[in-house]
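As a plain string of letters, each chain reads:
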2 protein chains.
Amino acid sequence: MIGEIISIGDELLSGTVINSNAACIGQSLIETNCDVRWVTAIGDDEGDILTAFKLAGSRASLVVATGGLGPTPDDKTKSVTARFLDSKLVFEPSILRRLEEQFSKRGLELPQVNKAQAEIPEKAELIPNPVGSAPGFSFKWQDAHFFILPGVPSEMKAMMEQTVLPFVQKTVPDFIRTRVLRTTGIAESKLYNDIIDFETRYPHVRLAFLPQRQGVQLRMTTRGSSQEECDDVLERGAEYIRSKVGQSIYGEGDTTLEAVVAELLVRKGLTIAVAESCTGGLVSHKLTNIPGSSAYFDRGIVAYQDSVKINVLGVDENVIHQYGAVSQETAQAMAEGVRRISGTDIGISTTGIAGPGGARPNKPVGLVWIGYSDNHSVFSESHRFTKSRLWNKERFANAVMDMTRRALLDEQRNPL
Amino acid sequence: MIGEIISIGDELLSGTVINSNAACIGQSLIETNCDVRWVTAIGDDEGDILTAFKLAGSRASLVVATGGLGPTPDDKTKSVTARFLDSKLVFEPSILRRLEEQFSKRGLELPQVNKAQAEIPEKAELIPNPVGSAPGFSFKWQDAHFFILPGVPSEMKAMMEQTVLPFVQKTVPDFIRTRVLRTTGIAESKLYNDIIDFETRYPHVRLAFLPQRQGVQLRMTTRGSSQEECDDVLERGAEYIRSKVGQSIYGEGDTTLEAVVAELLVRKGLTIAVAESCTGGLVSHKLTNIPGSSAYFDRGIVAYQDSVKINVLGVDENVIHQYGAVSQETAQAMAEGVRRISGTDIGISTTGIAGPGGARPNKPVGLVWIGYSDNHSVFSESHRFTKSRLWNKERFANAVMDMTRRALLDEQRNPL
């Protein structure tokens, strides 16, 4: 099945918005075994949308288009589709009811401009939007199946999963399966060298190295005549990778480092508190991104000024004077301090220099000390990153979460 | 001048790489006054590249293509161009010399595989690569000017600036200018209604509504015979929008809400401390994303458990029992409490239900109370959002930052 993605919106042409929707759709279509061959981005222009639809419909059998479904007049996709299908827009009462419900939940009346969202092209089939107001729709044109979705990423994703991908899976004959191992704290080149034999051992598995925010993901893809056959090959590939770099793998598939840490904390019935300096709240933010985090998360202290480290966390003033705020000693005292004042099982800490300013002799931008304390002992690690402020904060936060993950996996330290 | 961007590479279709090159090229072309109407992404496939070149050459007068110029056999762009031009690849000694120099600087001999990079299509003109090994080239096909550049972002950017943009500037007669106003805390439909006369008042300005994480951006685009003429029209458009929804506009161009709050704090010489519950550290994280944030940011207390609100922030236990942790009274007590223990000029707070669990009677998921305290008074607001946990945290954090921004702009409350 040949696929084309059409992304609609002036903001994509002018670079105001980077086309991450197309990447997301491409990835899920390819994993579902649809061979995406074109991505076309056009503006909110009726003529261009029409031309793109015709071209895509004549060269692809699956077309996924996003954008231009909002309530304002610069959104043209729906009216163009009606023209494309030689049809008109018709009012769909079920959409209106849903819109009214959504607005009334927020104590608002449905604005007149949003009422137009209850129309869809007559010859199209409604695709429900489980998370937002703009519905999508699908239709067949010549031999091509079109799916038209909103451009809001969360809505697009939900509708891909609920409607488009099941359709593709039903239609495509042979099987493609993928499996993703997520690593953190290891460089792409080291990872590549550590598993350099993979290609000769598993010639039918395509291995991609995907550097992401939390580390490099390893994506294996294989094709076969049954799901079981594919899964079996992938399982052997995963075992090989785990035997080489297992320590650096924190999870599989869609998980995150914070979800893995949260799951371990909940499973072992442990609580945690965070003392952060250079990460400025990011570690606490990540740990509270997981639903139900109040089961394990007690508090976070963003101790940006030394006085907070001393007065709130109880770090000895002399430690900071002697070793500096960015030091092993301070990191450990912060982790112990926040655990003591919170009465939690675990305390963790970060202290470093996110940049661009703040470097000292022997304390370069990108240096971080991270601390971990529980009722056995306290320990710490230092890391050095070399990116921009926001990237450094992200890397620092991942480093302390990964240290926590490893300590939680230690059965002697934290038995079930 | 009508432009088209062609992005070449399998990794763009599979979503392994997000097409940020196209966004970057689009932005600089539009600023230089080229009207980009299509972005096409295709894989490293000879047939598809040829088709894309023909289509682009027939509908655009400027075509910028990137990718597929590397030294390995999966890079096809150069050989396809030779076919497209009915020509062949010829050896260009100046490129080879440059390649040899670049490798010898790093103490390396030029690998055989890289020598092929010294070839370019016979009918094309060399575009020097000031920062990398793969050269680009340009040619004219029918009425279209083609510029073929490497996909490595830093190399592409350098060659755009050095060669492509000067060409466009020389060629294009009239000017395009854009201006972006950033709003927060106002729905797209309300915004649309509030400035509904814009189109009739400024028929030569195209207005786009772009919903983003921090709120809806309003992008105005206009065209004219001089930069001054365009800027003048945009200034009048901006004045009109400000007269209608000025309260909701936090900034222009590339700024963020946290950068605006930071700038106001620094300018007025004020310090801030944060007490957050439902946002779990996100407000502190955002406020410390700005370089130099230690000038205004004292501390953040992520008071996830009620005991922290009571014992650390000094919220009266009875307030929580009587009104609940998610209430106006608790939000205000948290803002006052964190200001008192920190000795800062301002204290702000969040307490709400991010979801998906945690709803109570009259306390639905998505409800938040945000508090603000300074040495004049304390006040609070409630908001109701209806999204997923992560989105709600983001909206809650933006709401409290926007409340802070408005308080900082109040000259009676916070004079310069």
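Rules of the game
Residues numbered from 1 in each chain as written. Chains lettered and ligands numbered in written order. Predicted model: local features only at pLDDT ≥ 70, side-chain atom pairs only at ≥ 80, totals over all residues. Heavy atoms only, no water. Helix = DSSP H or I, 4+ residues; strand = E, 2+ residues; numbered from the N terminus. Contact = heavy atoms within 4.5 Å. Areas by Shrake-Rupley, 256 points an atom, 1.4 Å probe, with all protein chains shown as cover. Pairing = 2+ DSSP bridges. Axes fitted to C-alpha atoms, helices over the stretch in contact; angles between N-to-C directions. pLDDT = per-residue confidence, 0-100. Buried area = accessible area lost by both parts, 1.4 Å probe. Salt bridge = Lys/Arg side-chain N within 4 Å of Asp/Glu carboxyl O. Nonpolar A, V, L, I, M, F, W, Y, C, P; charged D, E, K, R; others polar.

**Q** Please set out the overall build of chain A residue by residue, giving values where relevant.
**A** Looking only at helices and strands, chain A features 16 helices and 17 strands. Seen along its three principal axes, the alpha-carbon backbone of chain A occupies a region of about 80 × 60 × 40 Å. When contacts within chain A are restricted to residue pairs at least 6 apart in sequence, those whose partners lie at least 24 apart make up 67%. For chain A, the exposed area adds up to about 17,300 Å²; of that, 48% sits on carbon and sulfur atoms.

**Q** Run through the sheet that holds strand β3 (residues 62–66) of chain B, naming residues and quoting values.
**A** Taken in spatial order, the 12 strands make up an open sheet running β6(A)-β7(A)-β8(A)-β3(A)-β1(A)-β2(A)-β2(B)-β1(B)-β3(B)-β8(B)-β7(B)-β6(B), and their pairing is mixed. At either end of the open sheet lies a strand with only one pairing partner, and these are β6 (125–127) of chain A together with β6 (125–127) of chain B. Shown here is a sheet whose adjacent strand axes are inclined to one another by a mean of 20°, direction ignored. In terms of strand pairing, strand β1 (residues 2–8) of chain A meets strand β3 (residues 62–66) of chain A through 5 bridges, oriented parallel. Bridging from a neighbouring strand, Gly-3 of chain A pairs with Leu-62 of chain A of β3 of chain A.

**Q** Help me get a handle on the confidence of the model for chain A, residues and values and all.
**A** Per-residue confidence for chain A averages 92 on the pLDDT scale, and 100% of its residues sit at or above 70. Interface scoring of the predicted complex returns ipTM 0.78; its pTM is 0.78.

**Q** Could you give me a rundown of the interface of chain B and chain A, with the residues and numbers involved?
**A** With 67 residues of chain B at the interface, the matching set in chain A holds 66 residues. For the pair chain B and chain A, the two sides together bury roughly 5,600 Å², of which 55% comes from carbon and sulfur. For Asp-10 of chain A, the salt bridge is made with Arg-206 of chain B, and the minimal N-O distance between the two is 3.3 Å. Top contributing element to the side of chain B that touches chain A by residue count: strand β2 (residues 35–42) of chain B, with 7 residues. Split by residue class, the side of chain B that touches chain A holds 28 nonpolar, 26 polar and 13 charged. Sheet topology note: the strand β2 (residues 35–42) of chain A/β2 of chain B ladder contains 5 bridges and is antiparallel.

**Q** Describe the pattern of salt bridges, naming the residues involved and giving the relevant values.
**A** All names here are of chain B. Counted by the stated rule, this structure contains 42 salt bridges over all chains. Where Glu-252 meets Arg-179, a salt bridge forms, and the shortest distance between an N and an O atom there is 2.8 Å. Here Glu-252 is found in strand β12 (residues 249–252), whereas its partner Arg-179 is found in strand β9 (residues 175–183), with 73 residues between them in sequence. The salt bridge involving Asp-194 is made with Lys-190; its shortest N-O contact spans 2.7 Å. Linking Asp-194 with Lys-190, this pair stays in helix α8 (residues 188–194), spanning 4 residues, or about one helical turn.

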